Amino acid sequence: MTQRELIDGHNRHVDYLRLSVTDRCDFRCVYCMAEDMQFLPRQQILTLEELFQVAQSFVALGTRKIRLTGGEPLIRPGVVQLCEQIAALPGLRELCLTTNGSQLGRLAQPLFDAGVKRLNISLDSLDPQRFKELTRTGDLAQVIDGIDAARAAGFTRTKLNCVVMQGRNDHEINDLVSFAIERDLDISFIEEMPLGAIAEHSRAESFYSSAQVRERIAERFTLIDSTESTQGPSRYWRVAEAPNIRLGFISPHSHNFCGTCNRVRLTVEGRLLLCLGNEHSMDLKAVLRAHPGHPERLENAIIEAMKLKPYRHNFEVNDDVQVVRFMNMTGG
């Protein structure tokens with residue numbers, strides 16, 4: 001192998017992998033999946049050993065940041081050991097994990113000890129009843145206990161992720177900012193993405209733009225634009241009243257971030273997705289299982305896949321199903 005970095009056809013360096021370890025979840029969030037989801041048979045998903053092999057090959061090709069996602073990654077048995085293996089890979093700068101927080105009460109300390117550097121925790125409401133409605137199965141108190149357990153374990157720069165929906169939780173925006181300030185957390189507000197067919201609500205009617213979120217925050221706080229980056233899609237601002245925390249805005253509709261995209265996603269069934277909003281992909285599971293013990297074959301496939309990465313996605317604010325797969329199948 002002579003090429004030790006990944007460059008796509010638009011001359012973008014790809015050095016960030018989002019690695020799904022399961023499509024299963026203990027929540028059923030209304031914007032993420034259907035209430036009666038059908039999950040993959042276990043024989044169709046990658047083993048922990050195969051997930052590690054993929055991570056190993058990506059790091060060998062210049063990946064510096066890996067984020068473990070799901071579904072809910074912390075319900076996959078053996079995930080802490082997988083974190084420990086990946087975190088020890090020479091050349092990896094940062095191993096992160098996105099979670100709904102439900103399992104952090106028992107796993108925050110083991111994850112920190114395993115080498116996970118940062119956590120993103122989903123939190124869309126501070127009202128227990130509304131939280132239950134949005135997640136269908138979630139317990140707000142359990143998630144808040146998990147957030148506090150993460151801080152006690154030693155995690156810093158933990159970030160909350162909030163999907164804002166008109167008429168559902170937009171009136172809680174500043175309460176969520178205050179909650180983040182009280183606990184010294186960063187927080188990102190996300191425009192709902194049109195992934196998977198849902199019947200629970202109209203995405204066109206629930207759409208709430210990042211600009212609207214900033215306007216709401218400016219009613220209570222003083223926003224300061226920032227050029228900071230964590231290698232993800234968030235555009236960050238600071239709050240004058242709490243300069244230690246960052247406010248992020250992920251705006252797939254209103255502020256397309258594709259021009260600087262440096263990431264790819266691997267689904268738990270081994271499909272390498274080159275774009276969140278397109279179906280361009282390569283089957284890495286087939287390569288892994290056809291050529292066990294030959295990492296060079298996997299690396300060649302990953303390099304070849306970069307040619308498939310499109311320049312951008314094209315999300316529309318309507319109720320059309322623009323991408324059939326649900327977010328839990330995408331890997332965060």
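Residues numbered from 1 in each chain as written. Predicted model: local features only at pLDDT ≥ 70, side-chain atom pairs only at ≥ 80, totals over all residues. Heavy atoms only, no water.

Points about the layout of surface pockets
Reported here for the second largest pocket is a volume of approximately 160 Å³. Surrounding the second largest pocket, Ile147, Ala150, Arg151, Phe155, Thr156, Arg157, Thr158, Arg183, Asp184, Leu185, Asp186 and Asn244 form its lining. Of the residues contributing to the lining of the second largest pocket, the split by class is four nonpolar, three polar and five charged. (1 Å grid on protein atoms, 1.4 Å probe; cavity = no way out; pocket = protein on both sides within 12 Å on 5 of 7 lines; lining within 4 Å. Points joined across faces, edges and corners; volume = space filled by probe spheres on them. Nonpolar A, V, L, I, M, F, W, Y, C, P; charged D, E, K, R; others polar.)

Details of the side chain of Glu50
Residue placement: Glu50 occurs in helix α1 (residues 48–60). Here Glu50 falls in the buried class, since its relative accessible area comes to 11%. Of note is the side chain of Glu50, whose polar atom sits 2.8 Å from the side chain of Arg289. (Helix = DSSP H or I, 4+ residues; strand = E, 2+ residues; numbered from the N terminus. Buried < 20%, exposed > 50% of the residue type's maximum accessible area, 1.4 Å probe, protein only. Polar contact = N/O pair within 3.5 Å; in protein donor to acceptor, adjacent residues only side chain to side chain.)

Here's the deal with the UniProt feature "binding site: GTP" (unreviewed entry) in the protein chain
As recorded in UniProt, the feature "binding site: GTP" (unreviewed entry) lies at Arg18, Arg67, Thr98, Lys159, Arg263, Val264 and Arg265. In this fold, Lys159 is placed in strand β7 (residues 159–164). For Lys159, a relative accessible area of 7% corresponds to the buried category. Excluding its chain neighbours within four sequence positions, the residues that come into contact with Lys159 are Leu119, Asn120, Ile121, Asp186, Ile187, Ser188, Ser234 and Tyr236. (UniProt positions renumbered as here; feature names shortened; annotations may be inferred. Contact = heavy atoms within 4.5 Å.)

Some thoughts on the packing of α1 against helix α10 (residues 295–305)
The N-to-C vectors of α1 and α10 enclose an angle of 65°; their axes lie 10 Å apart at closest approach. Judged by the inter-axis angle, α1 sits roughly perpendicular to α10. Crossing handedness for the pair α1 and α10: right-handed. Here α1 contributes Gln53, Val54, Ser57, Phe58 and Ala60 to the contact with α10, which in turn contributes Pro295, Leu298, Glu299 and Ile302. Class assignment for the residues of the contact of α1 with α10 results in six nonpolar, two polar and one charged. (Axes fitted to C-alpha atoms, helices over the stretch in contact; angles between N-to-C directions. Parallel < 35°, antiparallel > 145°, perpendicular 65-115°, else oblique. Left-handed = near helix turned anticlockwise from the far one by under 90°.)

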